[in-house]
Amino acid sequence: QGQGREVAAEARPDQHLLRGGPPALALEPENPQLLSNIGAVLGALGRYSEAEAELRHALRLAPDSPDVHQNLGLVMYRKGLYSAAIEPFRTASELDPSSASAFFYLGDCANRIGKTDEAVAALERTIELEPGNVRAYRTLGMLFDRMRQPDRAAEMYRRSREVPADLSHPGRPD
């Protein structure tokens, strides 16, 4: 009987992330950074309800944490809820104006829901902060194509190809 539990634990390597699982959480159950990290991992594992619960708890404890807002935005993004993800990314970018990733995801979400002006502004800020973000250049190229600005689109596509491999930022939003 005990052996069955060990096999089950091996089959679910993430099982320690359940509430009350990680020893650090038992020691610091109200640590917003720890809760945010657990929420981020749960979100990456596709356990969105649990992730959102941890992140909303962290947000109550640390409403001014850009990391918590960004992690919540990522959970919404992964669920395909781009409209819901906009606000956490917007807040994260306001709380940490040097966060290229917050601006990238804000721009990507805004693009996906048709908020073109906000998308362009956020993606241009991404490139200012992270000149090697190829995905930001390509998305801007598509946006400028859609806006019937072929010269600006061509410039973004050209710049995306010119990013040195060691600066390239592939981005992994999905």
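Chemist: Residues and numbers for the packing of helix H3 (residues 32–44) against helix H5 (residues 66–78), please.
Modeler: At a closest axis distance of 9 Å, the pairing of H3 and H5 adopts a crossing angle of 15°. If you check the angle between H3 and H5, you find them roughly parallel. Seen from above, H3 lies across H5 with left-handed handedness. Between H3 and H5, the contacting residues are Pro32, Gln33, Ser36, Gly39, Ala40, Gly43 and Ala44 on the first element and Asp67, Val68, Asn71, Val75 and Arg78 on the second. A class-by-class count of the residues in the contact of H3 with H5 yields five nonpolar, five polar and two charged.

Chemist: Could you give me a rundown of the packing of aromatic side chains, with the residues and numbers involved?
Modeler: Applying the stated criterion to the full structure yields four aromatic pairs. With centroids separated by 5.3 Å and ring planes inclined at 70°, the aromatic side chains of Tyr77 and Tyr105 adopt a geometry described as edge-to-face. Placement of the pair is Tyr77 in helix H5 and Tyr105 in helix H7 (residues 100–112), with a sequence separation of 28 residues. Among the aromatic residues, those joined into a cluster by ring pairs are Tyr77, Tyr82, Phe89, Phe104 and Tyr105.

Chemist: Before we move on, could you go through the confidence of the model for the chain and cite the residues and values that matter?
Modeler: Taken residue by residue, the chain gives an average pLDDT of 85. The fraction at 70 or more is 79%. Across residues 170–174 the pLDDT falls below 50, and counting only partners more than four positions away or on other chains, this stretch makes 10 contacts in the model.

Chemist: Break down H7 for me, citing the residues and quoting the values.
Modeler: Counted at 1.5 Å a residue, the expected span for H7 with its 13 residues is 18 Å, and the 18 Å between its end C-alpha atoms agrees. Taken residue by residue, H7 has Ala100, Ala102, Phe103, Phe104, Tyr105, Leu106, Gly107, Asp108, Cys109, Ala110 and Asn111 as its buried positions. Check the buried side of H7 and you find it contacts H5, helix H6 (82–95), helix H8 (116–129) and helix H9 (134–146).

Chemist: Any chance you could break down the environment of Ser65 for me, citing the residues and the numbers?
Modeler: Within the secondary structure, Ser65 is located in the loop between helix H4 (48–61) and H5. Separated by 31 residues in sequence, Ser65 and Asp96 have C-alpha atoms that sit 8.8 Å apart. At a separation of 3.3 Å, a polar atom in the side chain of Ser65 contacts the main-chain amide nitrogen of Val68.

About the thresholds
- Residues numbered from 1 in each chain as written.
- Predicted model: local features only at pLDDT ≥ 70, side-chain atom pairs only at ≥ 80, totals over all residues.
- Heavy atoms only, no water.
- Axes fitted to C-alpha atoms, helices over the stretch in contact; angles between N-to-C directions.
- Helix = DSSP H or I, 4+ residues; strand = E, 2+ residues; numbered from the N terminus.
- Parallel < 35°, antiparallel > 145°, perpendicular 65-115°, else oblique.
- Left-handed = near helix turned anticlockwise from the far one by under 90°.
- Contact = heavy atoms within 4.5 Å.
- Nonpolar A, V, L, I, M, F, W, Y, C, P; charged D, E, K, R; others polar.
- Phe/Tyr/Trp six-rings, centres within 6.5 Å; stacked < 30°, edge-to-face > 60°.
- pLDDT = per-residue confidence, 0-100.
- Expected span 1.5 Å × (residues − 1).
- Buried < 20%, exposed > 50% of the residue type's maximum accessible area, 1.4 Å probe, protein only.
- Polar contact = N/O pair within 3.5 Å; in protein donor to acceptor, adjacent residues only side chain to side chain.

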